[in-house]
Amino acid sequence: MTTEERHRENLARALLLADANVREEGGRPFGAVLVREAQVLAEGVNTIHRDGDPTAHAEIQAIRAAAIAIGSPRLDGAVMYASGHPCPMCLAAMYLCGISRAYYALSQEDGQPYGLSSAEIYAELARPPGQRGLQMEHLPLEHGPDPYARWAAINRKPG
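Residues numbered from 1 in each chain as written. Predicted model: local features only at pLDDT ≥ 70, side-chain atom pairs only at ≥ 80, totals over all residues. Heavy atoms only, no water.

Enquirer: Help me understand the overall build of the protein in this model?
Expert: Of regular secondary structure, the protein possesses seven helices and four strands. Sequence-ordered secondary structure for the protein, helices as α and strands as β, is α-β-β-α-α-β-α-β-α-α-α. Put simply, the protein has 159 residues, and 31% of those count as buried. When contacts within the protein are restricted to residue pairs at least 6 apart in sequence, those whose partners lie at least 24 apart make up 47%. When the accessible surface of the protein is summed, it comes to about 10900 Å², and 57% of that surface belongs to carbon and sulfur atoms. (Helix = DSSP H or I, 4+ residues; strand = E, 2+ residues; numbered from the N terminus. Buried < 20%, exposed > 50% of the residue type's maximum accessible area, 1.4 Å probe, protein only. Contact = heavy atoms within 4.5 Å. Areas by Shrake-Rupley, 256 points an atom, 1.4 Å probe, with all protein chains shown as cover.)

Enquirer: I tried to follow the nonpolar core on my own but got confused; where do I start?
Expert: Grouped burial of nonpolar side chains is what soluble globular proteins tend to show. In terms of nonpolar packing, the biggest core is built from 18 residues, with L34, I63, L75, M80, M94 and I99 touching the most fellow members. Only strand 1 (31-36), helix 3 (58-70) and helix 4 (88-97) provide two or more residues apiece to this core. Among the elements that line this core, the one with the most residues is helix 3, at five residues. If near-sequence neighbours (up to four positions away) are discounted, L34 is found in contact with Q39, V40, L41, A42, A62, I63, A66, L75, A78, V79, M80 and I99. Among the nonpolar cores identified, the runner-up in size contains eight residues, and L11, V33, V35 and V45 belong to it. (Core = buried A, V, L, I, M, F, W, Y, C linked by side-chain atoms within 4.5 Å.)

Enquirer: Could you clarify how one ought to interpret the side chain of N21 in this entry?
Expert: With respect to the helices and strands, N21 occurs in helix 1 (residues 3-25). Assessed through its relative accessible area of 3%, N21 is described here as buried. Within the local environment of N21, its side chain forms a polar contact with the backbone oxygen of R28, the two atoms lying 2.9 Å apart. Beyond its immediate sequence surroundings of up to four residues, N21 is in contact with G26, G27, R28, F30, V45, N46 and H49. (Polar contact = N/O pair within 3.5 Å; in protein donor to acceptor, adjacent residues only side chain to side chain.)

Enquirer: What is the right way to look at the UniProt feature "domain: CMP/dCMP-type deaminase" (unreviewed entry) in the protein in this model?
Expert: Cross-referencing UniProt, the feature "domain: CMP/dCMP-type deaminase" (unreviewed entry) maps to residues 5-129 in the present numbering. In residues 5-129, helix accounts for 48% and strand for 20%; the two terminal C-alpha atoms are 42 Å from one another. (UniProt positions renumbered as here; feature names shortened; annotations may be inferred.)

Enquirer: So what exactly am I meant to see when it comes to the pairing of strand 1 here?
Expert: Remark: a regular strand shows side chains that alternate across the two faces of the sheet. Burial analysis of strand 1 places five of its six residues in the buried class, which makes it a mostly covered element. The pairing of strand 1 with strand 2 (residues 39-45) spans six bridges and is classified as antiparallel. The residue of strand 2 that forms the bridge with V35 is V40. The hairpin formed by strand 1 and strand 2 contains two residues between the paired strands, and E37 there has a positive phi angle of roughly 50 degrees. Relative to strand 3 (residues 79-84), strand 1 is paired through four bridges, and the arrangement is antiparallel. Bridging across to strand 3, V33 finds its partner in Y81. (Pairing = 2+ DSSP bridges.)

Enquirer: Looking at this structure, how should I read helix 3?
Expert: At 3.6 residues per turn, the α-helix brings residues three or four places apart onto the same side. For helix 3, which comprises 13 residues, the first-to-last C-alpha distance of 18 Å matches the rise-based estimate of 18 Å (1.5 Å per residue) to within 8%. All of the buried residues in helix 3 are A58, E59, I60, A62, I63, A66 and A67. In this fold, the buried residues of helix 3 make contact with strand 1, strand 2, strand 3 and helix 4. Two residues or fewer past helix 3, G71 is found with a positive phi of approximately 75 degrees. (Expected span 1.5 Å × (residues − 1).)

In structure tokens form, the structure reads like this:
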């Protein structure tokens, strides 16, 4: 099997997971397969419908399951196969855990007619912070613990 055939096979699996999630549970049409070194680490589907968790996207579910399975939050070298174009949250999670590549079967344009595109959020995030709808403000405190310094002290490597 060629590399492209393996990619297409994993994307097909992600689409089957997405379709089953809709048919069997009435969930949103998203599935994901996370692979490293030709081995499936984990699969996930969007489970917002089960527990109301707005972060329970297919890619996040696959990342969570893989991290638990291997006992590490680092998934360096892994490849994500997603049924649809990953949203900004899922993309950020991929960066944070070291996923090296992502493939998706359905584009933002494919999802737009169904209200399943995150293109507007990507556009919002591309704006300068002061022009975004969600306002953020740095408000430092003069007193209190410094959890960053404590973390660094605890995690200092000898040597």
